[in-house]
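# A structural walkthrough
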Amino acid sequence: MSNNAIYWLWLQKALGEGARFKEILEDFKSIKDFYNANILDWKMSSALVPKQINKLEEISLDDVQNIIYTCEQNHWQIVDYDDERYPERLKEISNPPAVLFVEGDFPDIDHLVVLSIVGTRKASVYAVKVAELLSRGVAESNAVIVSGGALGVDSAAHRGAIMCSGKTVAVLGCGFGTNYLMGNKSLRNSIKQNGALVTEFPPFTQASKYTFPLRNRIISGLSLGLLVVEAGVKSGSLITARFAAEQNRDIYAVPCSILSPEFAGTNKLIEDGAMVVTKPADLLYPYAERFHIDLSKVKSVERLMDENADISANFEDNKADKLSFENLEKSRVEREKREKAALSLNGNNKLVYEALTQSLQHIDVITEKCALPVSAVMGALTALEIADLAVSASGKRYKLS
């Protein structure tokens, strides 16, 4: 962190994440000068409204000193707006974060091809495999993959980069130290070994419906281009695409069925001018000359499939069974049926269902999440299994169906 980190933390705490402060810097020479200015100077600035001035007066440097201490104790880095590691690319957006909290090795964003890959959490088999393959294909050409660390397409994008020891960054919609999405903890640990976890939110900030849209502008802001793999018309990925358009980033989309509503958002992006992607080279072509990428060495989807036994097995041996349009639609119908059943849950059954993830968890973990007696959790899990909403495995482990 820079010598001005405490002032940037103060500003963020006072004005909130996502606040627009570029106009403030136009009226004052530096963030330190802004802090040391008197209230009359603040009132004379057209960049501030009375409510913001009141908050600036209420917050002191002592209020944020604990954040610095907590980060030091947990080896979480603070990359403030004046830090030399803060990406210039991110400064281009209208409301860049005042501070980034980083765990891992933050790549040199400004001198690399950085591509974000996003899509629905409830991704189809097709979308997951496409995200993995395209991510791996561009990561092998030293591109950095950015995504949101969520289930579905996000996880597949991170895995694709990790599979070839490429660099990847997960931008989180919560602060470090929270229990959000514990089922993805092992993936986040892998991301730290191959890149970084990044968040704008101070330690222990819980995820909410407000934090994710703010997170999305950073995903696109770090990137040269954004690829949407699968998205419905109300998908959060389209929010990220809107940010990307506002930030003058390139927008890409993967084509698929025009009959499935889960792909309606993706297909609409193509209709509106997003570039179609069917292979890794499509994503790298616009940046090849600038970053000296030999496109002739970028692998095809077929070659990537052949080189990886797991991917090859999933695609080649079971291609007709898993990736046919008929089976894709059948899978969706079954999923929609489960979603409707989940909406009717109440009481302990609902609590336990919401604690489950797509990764297996021991019953002790589920019990701790729900704060219920073990007997109540066992009863609810049995009911969820009967309703085809949960599945069990050896060792008293359970996950979503």
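Residues numbered from 1 in each chain as written. Predicted model: local features only at pLDDT ≥ 70, side-chain atom pairs only at ≥ 80, totals over all residues. Heavy atoms only, no water.

### Here we look at the overall build of the protein chain
Assigned secondary structure in the protein chain consists of 21 helices and 12 strands. The C-alpha atoms of the protein chain give a radius of gyration of 23 Å, which matches the 21 Å a tight globule of 401 residues would have. By its C-alpha atoms, the protein chain is 70 × 60 × 35 Å across when sized along the principal axes. The buried share of the protein chain, reckoned over its 401 residues, is 52%. Nonlocal contacts in the protein chain, meaning residues at least 24 apart in sequence, comprise 69% of its contacts between residues at least 6 apart. (Helix = DSSP H or I, 4+ residues; strand = E, 2+ residues; numbered from the N terminus. Rg over C-alpha atoms; globule rule 2.2 N^0.38 Å. Buried < 20%, exposed > 50% of the residue type's maximum accessible area, 1.4 Å probe, protein only. Contact = heavy atoms within 4.5 Å.)

### Topic: the sheet that holds strand β11 (residues 390-393)
Picture the strands of a sheet paired through backbone hydrogen bonds; they go either parallel or antiparallel. One open sheet accounts for 3 strands, arranged β10-β12-β11; its pairing is antiparallel. With partners counted over all chains shown, the strands left at the sheet margins are β10 (361-362) and β11, one partner each. Two strands pair when backbone bridges link them, and β11 and strand β12 (residues 397-400) are joined in this way by 4 bridges, in the antiparallel orientation. Of the residues in β12, the one forming a bridge with Ala 390 is Leu 400. (Pairing = 2+ DSSP bridges.)

### Some points on empty space enclosed by the protein
To find leftover empty space, one rolls a probe the size of a water molecule over the atoms. With the rule as written, the count across this model stands at 1 cavity of 30 Å³ or more. In this structure, the largest cavity occupies an estimated 70 Å³ of space. Around the largest cavity sit 13 residues that line it, and Gln 12, Gly 16, Ala 19, Phe 21 and Ala 98 are the ones nearest its centre. Residue composition of the lining of the largest cavity, by class: 7 nonpolar, 3 polar and 3 charged. (1 Å grid on protein atoms, 1.4 Å probe; cavity = no way out; pocket = protein on both sides within 12 Å on 5 of 7 lines; lining within 4 Å. Points joined across faces, edges and corners; volume = space filled by probe spheres on them. Nonpolar A, V, L, I, M, F, W, Y, C, P; charged D, E, K, R; others polar.)

### What about helix α21 (residues 374-386)?
End to end, α21 covers 18 Å across 13 residues, agreeing with the expected 18 Å (1.5 Å per residue, within 8%). Taken together, the buried positions of α21 are Val 377, Ala 380, Leu 381 and Leu 384. In an axial view of α21, the angular spread of the buried residues amounts to 105°, which keeps them on one side of the axis. Projecting away from the buried face of α21 at angles above 90 degrees are the exposed residues Ser 375 and Ile 386. (Expected span 1.5 Å × (residues − 1). Arc of directions from axis to C-beta.)

### Observations concerning the packing of aromatic side chains
Applying the stated criterion across every chain, the model contains 12 aromatic pairs. Measuring from ring centre to ring centre gives 5.2 Å for Phe 21 and Tyr 81, while their planes differ by 90°; the resulting arrangement is edge-to-face. With Phe 21 in the loop between α1 (5-15) and α2 (22-27) and Tyr 81 in the loop between β1 (77-80) and α7 (88-91), this residue pair connects regions lying 60 residues apart in the sequence. Measuring from ring centre to ring centre gives 5.0 Å for Phe 28 and Phe 34, while their planes differ by 70°; the resulting arrangement is edge-to-face. Comparing Phe 28 with Phe 34 shows no difference in burial state: the two are buried. Counting every residue linked through ring pairs, the aromatic cluster contains Tyr 7, Trp 10, Phe 28, Phe 34, Tyr 35 and Trp 42. (Phe/Tyr/Trp six-rings, centres within 6.5 Å; stacked < 30°, edge-to-face > 60°.)

### Structural notes on the pairing of strand β3 (residues 114-118)
For β3, the tally of buried residues reaches 5 of 5 residues, placing the bulk of the element in the interior. Of the strand pairs in this sheet, β3 and strand β4 (residues 144-147) are connected by 3 bridges, and their pairing is parallel. Bridge pairing in β4 links Leu 115 to Ile 145. In this region the chain leaves β3, passes through helix α8 (residues 125-139) and returns to the parallel neighbour β4; the handedness of that crossover is right-handed. In terms of strand pairing, β3 meets strand β7 (residues 225-228) through 4 bridges, oriented parallel. Bridge pairing in β7 links Ser 116 to Leu 226. (Right-handed = clockwise from strand over helix to strand, strands pointing away.)

### Thoughts on the layout of surface pockets
Of the volumes computed, that of the second largest pocket is approximately 320 Å³. Along the walls of the second largest pocket sit 15 residues, with Glu 103, Gly 177, Thr 178, Arg 188 and Leu 197 positioned nearest its centre. It is helix α10 (residues 185-193) that contributes the most residues to the lining of the second largest pocket, 4 residues altogether. Among the residues making up the lining of the second largest pocket, the classes are represented as 7 nonpolar, 4 polar and 4 charged.

### Points about the environment of Ala 143
Looking at the secondary structure, you find Ala 143 in the loop between α8 and β4. Along the backbone, Ala 143 and Phe 291 are 148 residues apart, and their C-alpha atoms lie at a distance of 9.8 Å. With residues up to four places along the chain from it excluded, the contact list for Ala 143 reads Val 113, Leu 115, Val 138, Lys 167 and Leu 284.

### Things to note about the sheet that holds β3
The sheet built from 9 strands is open, its strands ordered β1-β2-β6-β5-β4-β3-β7-β8-β9 with mixed pairing. The sheet terminates laterally at β1 and β9 (275-276), the two strands that pair on one side only. Running at roughly 115° to strand β6 (residues 195-199), α10 makes contact with β2 (99-104), β5 (168-171) and β6 of the sheet. (Axes fitted to C-alpha atoms, helices over the stretch in contact; angles between N-to-C directions.)

### Thoughts on the nonpolar core
Grouped together as the largest cluster of nonpolar side chains are 69 residues, with contacts concentrated most on Leu 11, Phe 34, Trp 42, Leu 56 and Leu 100. Broken down by element, the residue count for this core peaks at 8 residues, all from α1. Residue contacts for Leu 56: discarding those within four places in its chain leaves Trp 10, Leu 11, Ala 14, Leu 15, Phe 34, Trp 42 and Leu 48. Within the second largest apolar cluster, 30 residues are counted, among which are Ile 117, Ala 143, Leu 227 and Ala 288. (Core = buried A, V, L, I, M, F, W, Y, C linked by side-chain atoms within 4.5 Å.)

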